[in-house]
Amino acid sequence: MLETLRHIVQEVNAAGGLNQALGITVQRVREAMNTQVCSVYMRDQGTGRLMFRATEGLNPDLVGVASLEAGEGLVGLVAARGEPVNLEEAETHPSFRFLPGIGEEHFHAFLGVPIIHQREVLGVLVVQQAESRRFDESDEAFLVTLSAQLAGVIAHAQVTGVLEAEVLGGAEPAKVVGVPGAQGIAIGTAVVVSPGADLYSVPPKKGEDRRAEVRAFREALDAVRRDIQLVSDKLGGELSPEDHALFDVYLGILDDSTIGAEVVSLIKAGHWAQGALSQVMIEHIRHFERMEHSYLKERAVDVKDLGTRVLAYLQAASQEERLYPENTILVGEELTATSLGEVPRDKLVGLISVMGSGSSHVAILARAMGVPTVMGAVDLPYTRLQDRDVIIDGYNGTVHLNPLPEIKQRFQEVLDEDTALSRDLEALRDEPCVTLDGQRVPLWVNTGLMVDVARSLEQGAEGVGLYRTEIPFLLRDRFPSEEEQRQIYREQLEAFAPRPVTMRTLDIGGDKALPYFPIHEDNPFLGWRGIRVTLDHPEIFLAQIRAMLKANEGLWNLRIMLPMVSNIPEIDEALDLIHRAHRELLQEGLQGRLPPIGVMVEVPAAIGQARAMARRVDFLSVGSNDLTQYLLAVDRNNPQVAALYHSLHPSVVQALDYLASASRDEDIPIGICGELAGDPGAAVLLLAMGYDVLSMNATSLPKVKKALLNLHLEEARELLQEVKGMENSDQISARLDRFLADHGMENFIHNPVA
Ligand code: PEP
Ligand code: MG
């Protein structure tokens, strides 16, 4: 049964759009369950009606025609209850509703299960049978399992269908919900970071120059032929004649006039070469897969391999010509810092990552660069998006395809309002951040890339609260040497001097893997991360500390900070190493005292020990990104649980408040360098709690400054008292929004446009 399930899901997954996906579903389920009817009803997103969308066994003429009201009939009952309904005599049930012409009068037994994706009922999968008998428990369990697995695939196929229809003209608008990555609206053209040649991911597209497309196809074919011949010749003597025959089979498939001719004829009919190739190859693969004879079945693998090779050549040829369009929206399964770096900055307007969430490091980088980003768009058939017009709403985490003109217009207006707001905020650049009653709040920035430096200074940053040293490590193919590090750190320190720069020691592990130092773990966020790695490798730690101390000479604006600390011995050991590096450097002739040293509070265990930690170091800094992830047990990278990542969860608010008071009791300064500090509403609370420094991404700084300039400390304290009495995060967020609106900052709040 498991095997059958897997096959069905795989086949539906490879479908080109919703109709095909549903067609395969009903056909395969009917076969697998050995029943007479299988149909799918899909809920219309606008009207809520349940549309009869696919069937095997009922009247196919009514597909796309017949429908039920929400809640109407047995199908409506399944959808409304979100639970299976299993009946021996369907027509005797009070909810039964006869649909004329559909042809179900002969079928008595009925089993319907809801198709639920992300808590929403997408439709209903039904099997029926003439014999009046109940489908048994194993039937029900099979259908429920299948439906749960198919839900995501169907949601995906819905969007794919829209993309397909767009090529043919007249597509419906589609919205894919992800999570906010970086604020802002972007309207632009999708450029997909290629996942490697995959026949099943080629987007349908019209060919522009048919002759050129045919030529490209023939050249790719020749290239593959040459490759195979080369391998065959190279292995010449080592292979038996039988093995050699395999290569002949390969070449035979390529020379097969039918495959080549089919591709060429599709190109001539208007498809681009890659699309024509994938369509023909998939058809042939299916054909071989269906064969009974195992030898012939095996041919499917060969055909797929060859098709993929030809596709790789075609893609490589078109890649060379890749020019990034004016408003590039970069789309990828899992975007990385490197993929961002490849697009010229003046052309990059937005990012979409299928995986990851708002607290992933790529999202943090995007925020620093001010590039609107949507993360975790798991239902987006991203490989088919190349060259499409796309709108992204980084405030609400949504991607919009084929928007209606009025929606597009509204997004354009929001974009224009944002540009105007940034211009207004520029005027605040050189003003210090002081509340109306004179409370001074230092606003610092988080950096990592060199681009951050210029942006940070432009936005009026007064210091760096977190320099992520792992970023220069991530962009190399080996550990940077002590001298290379010294130069990188010197550049940072110089750029900001005399403002303080807080350098965090290497924080790798979790989702930050160095390509040249791979760490494989089942639970990376609970594993070898941050200080744990560097204490196990004192040579890496010492080189880094030495480089920092050397870079500091003469500037004296360095602060050192330790990440992921969960116990006191880690601090003691790290301090020993830092003192040792300092002593050695003094012996080598370096001048100067030790810089201030601090600890990040980002593991819940550090909350209880905050005072003991504070007694050992010069400052504390809360890493609220990780602290939230660990307090709430919500993986910051997992889109499936992104909605549970509440940065203003009452427990987080309570922890932050306690930490501020603990550091006050120990009389050392406390800052915050998690993304929360860049949220204007949250910044008001942090001010009231008594945080000495707020460090954030450069893009957020002007808004936070504006929020704090507009209030009295006393009001912030009252707000904090009120919020501390609240029991859920949404209530807290809504209260903060209301506070901002009451202080003339309603334009900081962004409700969904569509
Ligand atoms: C944090 O965890 O809040 C933090 C600032 O560190 P990072 O996001 O780099 O893990
Ligand atoms: Mg962290």
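Here the structure is a predicted model, which is why all the values come from computation and not from measurement.

1. Here's the deal with the overall build of the chain
Now for step 1: Per the secondary structure count, the chain includes 26 helices and 22 strands.
Now for step 2: In terms of C-alpha radius of gyration, the chain reaches 30 Å, essentially the compact-globule figure of 27 Å for 754 residues.
Now for step 3: Taken along the three principal axes of its C-alpha coordinates, the chain extends 85 × 75 × 50 Å.
Now for step 4: Residue burial in the chain is summarised as follows: out of 754 residues, 53% are buried.
Now for step 5: Counting only contacts in the chain whose residues sit at least 6 apart along the sequence, the fraction spanning at least 24 positions is 67%.
Now for step 6: In the form shown here, the chain has an accessible surface area of approximately 33000 Å², with 50% of it arising from carbon and sulfur atoms.

2. Some words on the sheet that holds strand 7 (residues 174-177)
Now for step 1: In spatial order, the strands read 7-14-13-9-10-11-12-8; together these eight strands make up an open sheet with mixed pairing. If you trace the sheet from one side to the other, it starts and ends with strand 7 and strand 8 (179-182), each paired once. Averaged over all neighbouring strand pairs, the angle between strand axes comes to 30°, with direction disregarded.
Now for step 2: Bridge analysis of strand 11 (residues 348-353) against strand 12 (residues 373-375) gives two bridges, and the strand direction is parallel. Bridge pairing in strand 12 links Ile352 to Val374.
Now for step 3: Most of the contacts of helix 12 (residues 405-426) go to strand 9 (residues 185-192), to which it runs at about 110°, and overall it touches strand 9, strand 13 (389-393) and strand 14 (398-401).

3. Points about the domain arrangement of the chain
Now for step 1: By domain assignment, the chain separates into domain 1 (2-172), domain 2 (175-192 + 321-420), domain 3 (197-314) and domain 4 (429-748).
Now for step 2: Using C-alpha coordinates to define each centre, domain 1 is positioned 33 Å away from domain 2.
Now for step 3: The partner domain 2 presents 10 residues to the 16 residues of domain 1 that form the contact.
Now for step 4: Of the roughly 1100 Å² buried at the junction of domain 1 and domain 2 (both faces included), carbon and sulfur atoms supply 52%.
Now for step 5: Between the two partners, domain 1 and domain 2, sit zero salt bridges.
Now for step 6: Seen at the junction of domain 1 and domain 2, the total is two residue pairs in polar contact (both at pLDDT 80 or more).
Now for step 7: Take the side of domain 1 that touches domain 2: its biggest share by element is 10 residues, from helix 4 (residues 137-168).
Now for step 8: Counted by class, the side of domain 1 that touches domain 2 contains seven nonpolar, six polar and three charged residues.

4. Describing the site of ligand 1
Now for step 1: Looking at ligand 1, there are 17 residues lining it, with Arg468, Arg504, Gly623, Asn625 and Arg636 nearest.
Now for step 2: One of the side-chain nitrogen or oxygen atoms of Glu602 is found 2.9 Å away from an oxygen atom of ligand 1.
Now for step 3: When ligand 1 is considered free in solution it has 290 Å² of accessible area, and contact with the protein chains removes 100% of it.
Now for step 4: Elements with a contribution of two residues or more to the shell around ligand 1: helix 11 (361-369), strand 16 (464-468) and helix 21 (624-632).
Now for step 5: Of all the elements, helix 21 adds the most residues to the shell around ligand 1, at three residues.
Now for step 6: Within the shell around ligand 1, the residues separate by chemical class into four nonpolar, five polar and eight charged.

5. Considerations on the sheet that holds strand 6 (residues 120-129)
Whenever strands of a sheet pair, they do so through backbone hydrogen bonds, lying parallel or antiparallel.
Now for step 1: Strand order in the open sheet formed by six strands is 3-2-1-6-5-4, and the pairing between neighbours is antiparallel. Every other strand in the sheet has two partners, leaving strand 3 (67-68) and strand 4 (85-87) as the edge strands with one partner each.
Now for step 2: Bridge count between strand 1 (residues 37-43) and strand 6: six bridges; the pairing is antiparallel. Residue pairing for strand 6: Ser39 is matched across the bridge by Val126.
Now for step 3: Its contacts with the sheet place helix 2 (residues 18-33) against strand 1, strand 2 (50-56), strand 5 (109-117) and strand 6, and it is angled at close to 55° to strand 2.

6. Notes on the nonpolar core
Now for step 1: One finds Leu620, Tyr691, Leu694 and Leu708 to be the most contacted residues of the largest nonpolar core, which totals 98 residues.
Now for step 2: If near-sequence neighbours (up to four positions away) are discounted, Leu694 is found in contact with Val441, Pro442, Leu443, Trp444, Ile672, Ala677, Ala683, Leu686, Val704 and Leu708.

Analysis parameters
- Residues numbered from 1 in each chain as written.
- Chains lettered and ligands numbered in written order.
- Predicted model: local features only at pLDDT ≥ 70, side-chain atom pairs only at ≥ 80, totals over all residues.
- Heavy atoms only, no water.
- Helix = DSSP H or I, 4+ residues; strand = E, 2+ residues; numbered from the N terminus.
- Rg over C-alpha atoms; globule rule 2.2 N^0.38 Å.
- Buried < 20%, exposed > 50% of the residue type's maximum accessible area, 1.4 Å probe, protein only.
- Contact = heavy atoms within 4.5 Å.
- Areas by Shrake-Rupley, 256 points an atom, 1.4 Å probe, with all protein chains shown as cover.
- Pairing = 2+ DSSP bridges.
- Axes fitted to C-alpha atoms, helices over the stretch in contact; angles between N-to-C directions.
- Domains from an automatic or database assignment.
- Buried area = accessible area lost by both parts, 1.4 Å probe.
- Salt bridge = Lys/Arg side-chain N within 4 Å of Asp/Glu carboxyl O.
- Polar contact = N/O pair within 3.5 Å; in protein donor to acceptor, adjacent residues only side chain to side chain.
- Nonpolar A, V, L, I, M, F, W, Y, C, P; charged D, E, K, R; others polar.
- Near = heavy atom within 4 Å.
- Core = buried A, V, L, I, M, F, W, Y, C linked by side-chain atoms within 4.5 Å.

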